[in-house]
2 protein chains.
Amino acid sequence: MASEKPIRVTLLGCGTVGSGVLELLGRNGGYLAKRVGAPLEIAHVVVRDKARARSVKVDPALLSTDAVACLDDPTVDVVVEAMGGEEPAGAWLARALAGGKSVVTANKALLAARAPALIAAAKKGGGDLAFEASVGGAVPIIRTLRDHLVSDWVRSLRGIVNGTCNYILTRMRDEGAAFADVLKAAQELGYAEAEPSLDVDGLDAAHKLCVLALLAFGAEIYPDEVPTEGIRAIEPIDLRFAARFGYAIKHLAVGRETKNGDLDLRVHPALVPARAPLASVDGVLNAIALEADGAGAQVLVGRGAGSLPTAVSVVADLVDVARARRAGVPGLLTQGLEVARRPLALPGSQEAIWYLRMRVVDRPGVLAQIAGALGRHDVSIEQLVQEGGAGRRAGDRLDGATVGDDTRVIVFLTHVALERDVRAALSEIDAASYVQGRSLALRVEG
Amino acid sequence: MASEKPIRVTLLGCGTVGSGVLELLGRNGGYLAKRVGAPLEIAHVVVRDKARARSVKVDPALLSTDAVACLDDPTVDVVVEAMGGEEPAGAWLARALAGGKSVVTANKALLAARAPALIAAAKKGGGDLAFEASVGGAVPIIRTLRDHLVSDWVRSLRGIVNGTCNYILTRMRDEGAAFADVLKAAQELGYAEAEPSLDVDGLDAAHKLCVLALLAFGAEIYPDEVPTEGIRAIEPIDLRFAARFGYAIKHLAVGRETKNGDLDLRVHPALVPARAPLASVDGVLNAIALEADGAGAQVLVGRGAGSLPTAVSVVADLVDVARARRAGVPGLLTQGLEVARRPLALPGSQEAIWYLRMRVVDRPGVLAQIAGALGRHDVSIEQLVQEGGAGRRAGDRLDGATVGDDTRVIVFLTHVALERDVRAALSEIDAASYVQGRSLALRVEG
């Protein structure tokens, strides 16, 4: 093995994920060389600042700030990208692929924006493009969709793909704490970014849904086409009411084929039956549940982020593409993968059971007016719970707003209803003087 | 693509799995050809009886009873085995591998007995050996262990890998019905074999554990080395008591490294915390939960059996090995896989929290005697529940035995205790005149 010509790797970025990759290559280099058929050798580690302290020991001679030279190095076979962000990563990977290198990336934002172009560039350049680490951290969902279900058709998928949202919702449920307070604690623990909106407003999950849809549905889809809601509107009371009805609240990325074959793609918090596998996926875990024609139901659960969990996925890809290069047959991974535009379901056109929560002034006739508005829009009520004191003890702080004692929280579970009907009914209800703030509408999923 | 030389396949067996494979190849042939780089072409379907009616349409010209001719056909690239049983499958696959073919098999009994020899034969012959469908049906556990966790070390795994056991335990829990009655119903529905012992006595799960241990721990291990218990001793009362303590009872295949690096491998029913992911895996679903150094915790859930779920796994392997042959590089899948004998934990040497259930005659001093016996063997009690009437309504049928009203069921949860101490205490207790039948001891797992 020692005499085998090594497979040389340029690593872009040496932060959380990049240092995890170096760590795993250091620990398991001997075994990985056997599986690849040749040693994996780090040729360059491209960083912004060579002097910065790192959690992993890196030979200073490998560090470089000259990305272009490291990408163009003709002795390099594979480029591993662990930088994140659309640029300069996008330009650099395009350059690497055009130069015939194979590329491994964990960059969901870049893939969501340009995966079809990157796949085409890989095919043209003759290299491989692999991206297991872009969705679900250590969860082997990309490999499962791309290779395991190669003879199958995925009809729906539901993913808990943002660990920050899941961590916050789990703590809100367990502690009865408000979103803002838990977010702050999560930021202090490093589970949420100082600028949290990419996570808590759902865009990160939308990025991942675009990557999943690529492989699950062969669909070319971009984040601005995905209706996206975050978790800021969820209150502890919602988690409590959901539990009372037999549900958990999870932030989901959902993709499914409608009856007429359109794709219904969306990101939002939703109620999940307490006994469904996704309901017990707590904290920073991620999970993807899917339904396929042949395989039936599948669920994959694992760590959604972190240095080593993500690096495990990166190195799995690295071994795949390195083995193919060593064997002289790069390009096999994406061979035959087809991506095309597919018709999307019209926003609001799909049916669901809905959880509706509103905060109203407690006076005679209010419930009748709400029920009337729902009925006029063909939304029929399956269950109703009303709780005094806005569902809190008097004086409780509720997302910053202390509400008077004359308010009540009313929660409905509807029968199956069209989204646009539910939205129209809530617009009407929220415009009424007896309603405080904005009502919340969450789908029941599964 | 039409001009590409096809990859030719001999299919051994056309029962449940084999006909599923033909079904999927028929449905998705065009797409699979693109992913392989060449069409997949069935060369022969080897069956025992050409005249038998089949659920899938097979060109009669492909059917053959001459296995050797079909295995030796020099135009054949890949042999897919969907027969089951050690022989003649074992001899046939050895012949195919020796002839340089790649082999895909779903045969856990054969792999459990001879996987190391088959892997060696594949390496010698230059073909691939793939066996995703041998464990977990549609669950992508083999691919995950072999490829996804290539840079990681699995420290423990727990699998619900026998759908028959899981189906029976689920119905016993939901209906409060006795094992024998549910088994009979399962046989009528086709979820259990007429001769059920391979499943309900745990041997099938032990086979699968041997296959899992191969990839998870690099361990050469055989079924007679795995302490194996089935589910015949479980009564509805156990499922009810377990739920009362906050647990489900699942039939598990367990593999773990002990503190000193020995392998602790076993198959038995166990208590699983109600909120753990495995607890919600019901009916005919399978699941494997594992703990790895880098990736952390992972859980994979899916259909454990059935024609198409199993065939999805077979065809995924077929595409892998066919693509490698088309590219002229067979043998990549098992490249570098190492399997070796590893020290096994001594039976009885491991600690656990235990659920103990005994049926005793209700007379003064009995509880003191039981507690005394447990204490003498260093088994200390964490919780105790005693229920009158043997935990049933008077006159209830309990696995065929009607017990008098002077019996009581006593259930303990212990503190952490050594298995050999628990067994010794129960031997002593079961020998006493106040105990009826054999006491049950189940570990708490996870």
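Residues numbered from 1 in each chain as written. Chains lettered and ligands numbered in written order. Predicted model: local features only at pLDDT ≥ 70, side-chain atom pairs only at ≥ 80, totals over all residues.

Enquirer: Can you explain the overall build of chain A? Please cite residues and give values.
Expert: Each helix and strand in chain A was counted, giving 13 helices and 16 strands. Taken over C-alpha atoms, the radius of gyration comes to 24 Å for chain A, in line with the 22 Å a tight globule of 446 residues would show. Expressed as lengths along the three principal axes of its C-alpha atoms, the size of chain A is roughly 85 × 50 × 35 Å. A sequence separation of at least 24 residues applies to 76% of the contacts in chain A between residues at least 6 apart. (Helix = DSSP H or I, 4+ residues; strand = E, 2+ residues; numbered from the N terminus. Rg over C-alpha atoms; globule rule 2.2 N^0.38 Å. Contact = placed C-beta atoms within 7 Å.)

Enquirer: Residue-level account of the interface of chain A and chain B, with values.
Expert: Facing the 43 residues of chain A at the interface are 43 residues of chain B. Going through the elements one at a time, helix H1 (16-36), helix H5 (141-148), strand E11 (296-303) and helix H11 (307-326) of chain A are the ones with two or more residues in the side of chain A that touches chain B. When residues in the side of chain A that touches chain B are grouped by element, the largest group, 9 residues, is from H11 of chain A. Each residue belonging to the side of chain A that touches chain B can be placed in one class, and the counts come to 22 nonpolar, 12 polar and 9 charged. In this structure, E11 of chain A lies alongside strand E11 (residues 296-303) of chain B, joined through 5 bridges in antiparallel fashion. Residue pairing in the sheet places Gln298 of chain A in a bridge with Gly302 of chain B of E11 of chain B. (Nonpolar A, V, L, I, M, F, W, Y, C, P; charged D, E, K, R; others polar. Pairing = 2+ DSSP bridges.)

Enquirer: Outline the domain arrangement of chain A, supporting the account with residue identities and numerical values.
Expert: Residue and element names in this part refer to chain A. Assigned domains within chain A: domain 1 (7-135 + 307-326), domain 2 (141-303) and domain 3 (351-444). Taking the mean C-alpha position of each, domain 2 and domain 3 sit 24 Å from one another. Listed as interface residues are 16 residues of domain 2 and, on the opposing side, 16 residues of domain 3. If you list the elements that add at least two residues to the side of domain 2 that touches domain 3, you get helix H7 (179-189), helix H10 (236-245), strand E8 (247-257) and strand E9 (263-273). At 6 residues, the largest contribution of residues to the side of domain 2 that touches domain 3 is made by H10. When grouped by side-chain class, the residues that make up the side of domain 2 that touches domain 3 number 13 nonpolar, no polar and 3 charged. (Domains from an automatic or database assignment.)

Enquirer: Report on the sheet that holds strand E5 (residues 102-105) of chain A, specifying residues and quantitative values.
Expert: Two pairing modes exist for strands in a sheet, parallel and antiparallel, and in both the strands are linked by backbone hydrogen bonds. Residues and elements named next belong to chain A. The strand order across the open sheet built from 6 strands is E3-E2-E1-E4-E5-E6, with neighbouring strands paired in parallel fashion. The strands lining the two open edges of the sheet, one partner per strand, are strand E3 (63-64) and strand E6 (129-130). Two strands pair when backbone bridges link them, and strand E1 (residues 7-12) and strand E2 (residues 40-46) are joined in this way by 6 bridges, in the parallel orientation. Bridge pairing in E2 links Arg8 to Glu41.

Enquirer: Explain the environment of Ala253 of chain A to me, and be specific about the residues and the numbers.
Expert: Assignment of secondary structure puts Ala253 of chain A in strand E8. If we ignore the near neighbours within four places in the chain, the residues touching Ala253 of chain A are Gly159, Val161, Ala205, Lys208, Leu209, Leu212 and Val267 of chain A.

Enquirer: Report on the relation of the copies chain A and chain B, specifying residues and quantitative values.
Expert: Here chain A sits on chain B after a turn of 180° about the axis and a move of 0.0 Å along it, with an RMSD of 0.0 Å. What we have between these two chains is a two-fold relation. Taking C-alpha positions as the reference, the residue of chain A nearest the rotation axis is Leu300 of chain A, at 2.3 Å. A shared binding surface is used by both copies, with 100% of the interface residues of chain A retained as interface residues in chain B. (Least-squares fit on C-alpha atoms with pLDDT ≥ 70 in both.)

Enquirer: Can you explain unusual backbone geometry? Please cite residues and give values.
Expert: Residue and element names in this part refer to chain A. Geometrically, the link from Glu87 to Pro88 is a cis peptide bond, its omega value of 5° lying close to zero. At Asp378, a position not held by glycine, the phi torsion is positive, near 65°. Positionally, Asp378 belongs in the loop between helix H12 (366-376) and strand E13 (381-387).

Enquirer: Go over the packing of H12 of chain A against helix H13 (residues 419-430) of chain A, please, and point to the residues and values.
Expert: Residues and elements named next belong to chain A. Closest axis-to-axis distance for the H12/H13 pair is 8 Å, and the angle between their directions is 150°. When the interaxial angle is binned, H12 and H13 end up roughly antiparallel. For the element pair H12 and H13, the recorded crossing hand is right-handed. In contact with Ile370, Ala373 and Leu374 of H12, H13 contributes Ala425, Glu428 and Ile429. Here the residues of the contact of H12 with H13 are counted per class, giving 5 nonpolar, no polar and 1 charged. (Axes fitted to C-alpha atoms, helices over the stretch in contact; angles between N-to-C directions. Parallel < 35°, antiparallel > 145°, perpendicular 65-115°, else oblique. Left-handed = near helix turned anticlockwise from the far one by under 90°.)

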